[in-house]
Amino acid sequence: MAALATGIATAKLILCGEHAVVYGEPAISVPFNQAIVKTDVTEAAETSFSSAFFEGSLDEMPTFLAGIKEITELILKKLGSQSVKIEVMSDVPIGRGLGSSAAVAASIIRGLYAYFEEPLSEKVLLDWVNQSEKIAHGKPSGVDAVTVVTGKPVWFEKNKSLELIHFNQKAHFVVADTGIPSETRSAVFDVGNLLQENPQLYQPMIVKLGNISREIKKYFETDLDVVQVGLLMTEAQGLLEKLTVSDASLEKLILAALKNGAAGAKLTGGGRGGCMISLVKNQENARKVADALQQEGAARVWIFTIGEDNQ
Ligand code: MEV
């Protein structure tokens, strides 16, 4: 057993395809390495959990951490009966569409396996994270778990084998947090109801969102036309609004980004609060848009580039 073991995981960012991905359409999701979760596992007299969002014993964990609680108990039972202190340090805002629940789960699992000096395959890690996510979110598509576990940009289609995306050029984004917790669970539930009540109206929107992901993928993998991809992102936002998963806090930031030169902007993740993402031409544009989003009251703003180094 290690004296101290650490597990790390990054957040995720859905570029396009959220909600539609629940119904078998593709989504493009990338690791968001500016927001990281780190978990330290050390020996302790009794098993305890420490984080900015909860401090105490596993038994006392609140319902929103039920998934984490269950897999932690199961892993401890499987790997060793020793008590441990699990200390989670996260700069992924919780419930903002950045995959915090999957990232926290992955970092804890990595930390526990490292502490008990057990090898951990990607497959086993993915199974654990999916198990935790099912408890946290009901019926997730699995896109968050796959992105967090692989740490690579993915082209995700439910129940299909995983495809990675290689970005041919750099793409610059500005991401902003509304500061309002995203209501992913109820948003996913309500889209399901709309599809059941009026499939003629809503099903084509889901298909259209899938086609937007397909078009955007081509641009990312060949020649990135920022103007065209931006238009496609803004078109996706219009469809997500019709599916009732946007809200005024997101639309205020999206409008500010577009007014300040972003090529396109949309919500990212579950919506109804949470984060938005905008595509910009270059770093100079990114700074202008980031300033505007800050002035518009964003709780946090990140400038993010894909297509560098490992991506
Ligand atoms: C949440 O990050 C993405 C959604 O599509 C839900 C899911 O895929 O499970 C809204």
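Residues numbered from 1 in each chain as written. Predicted model: local features only at pLDDT ≥ 70, side-chain atom pairs only at ≥ 80, totals over all residues. Heavy atoms only, no water.

Turning next to the overall build of the chain. Assigned secondary structure in the chain consists of 9 helices and 11 strands. Over its C-alpha atoms the chain spans a radius of gyration of 19 Å, differing by no more than 12% from the 19 Å that the globule rule assigns to 311 residues. By residue count, 53% of the 311 residues in the chain fall in the buried class. When contacts within the chain are restricted to residue pairs at least 6 apart in sequence, long-range pairs at least 24 apart make up 74% of them. With the model as given, the accessible surface of the chain reaches about 13,300 Å², and the carbon-plus-sulfur share is 50%. Treating the 29 positive side-chain charges of the chain as one cloud and the 37 negative ones as another, the clouds have centres 4 Å apart. (Helix = DSSP H or I, 4+ residues; strand = E, 2+ residues; numbered from the N terminus. Rg over C-alpha atoms; globule rule 2.2 N^0.38 Å. Buried < 20%, exposed > 50% of the residue type's maximum accessible area, 1.4 Å probe, protein only. Contact = heavy atoms within 4.5 Å. Areas by Shrake-Rupley, 256 points an atom, 1.4 Å probe, with all protein chains shown as cover. Lys, Arg positive; Asp, Glu negative; His and termini not counted. Charge placed at Lys NZ, Arg CZ, Asp CG, Glu CD.)

On to the environment of methionine 61. Note on placement: methionine 61 falls in the loop between β4 (55–57) and α1 (66–79). Taking the C-alpha atoms as reference, methionine 61 lies 9.8 Å from serine 48; in sequence the two are 13 residues apart. Those residues within four positions of methionine 61 in sequence are excluded, and the remaining contacts are Phe49, Phe54, Ile68 and Lys69.

This brings us to the site of the ligand. Every one of the 13 residues lining the ligand counts as a neighbour, but Lys12, His19, Pro140, Ser141 and Asp144 are closest to it. Contacts to the ligand include serine 141, whose side-chain N or O atom sits 2.5 Å from an oxygen atom. In the environment of the ligand, an oxygen atom lies 3.0 Å from a nitrogen or oxygen atom belonging to the side chain of aspartate 144. If the ligand stood free it would expose 300 Å²; the protein chains cover 94% of that surface. Among the elements of the structure, β1 (4–16) and α4 (143–150) are those that each provide at least two residues to the shell around the ligand. (Near = heavy atom within 4 Å. Polar contact = N/O pair within 3.5 Å; in protein donor to acceptor, adjacent residues only side chain to side chain.)

Take the domain arrangement of the chain next. Frequently, the measure chosen for interface size is the accessible area removed from exposure when the parts meet. Taken domain by domain, the chain consists of domain 1 (4–163) and domain 2 (167–306). Measuring from the centre of the C-alpha atoms in domain 1 to the corresponding centre in domain 2 gives 24 Å. At the junction of the two partners, domain 1 supplies 32 residues and domain 2 supplies 38 residues. Between domain 1 and domain 2, the buried area comes to about 2,900 Å², and carbon and sulfur atoms account for 64% of it. Scanning the region where domain 1 abuts domain 2 turns up 4 salt bridges. A salt bridge links lysine 217 to glutamate 163, with the shortest nitrogen-to-oxygen separation between them at 3.0 Å. Between domain 1 and domain 2 we count 16 residue pairs in polar contact (both at pLDDT 80 or more) in total. Going through the elements one at a time, β1, β2 (27–43) and α3 (122–137) are the ones with two or more residues in the side of domain 1 that touches domain 2. (Domains from an automatic or database assignment. Buried area = accessible area lost by both parts, 1.4 Å probe. Salt bridge = Lys/Arg side-chain N within 4 Å of Asp/Glu carboxyl O.)

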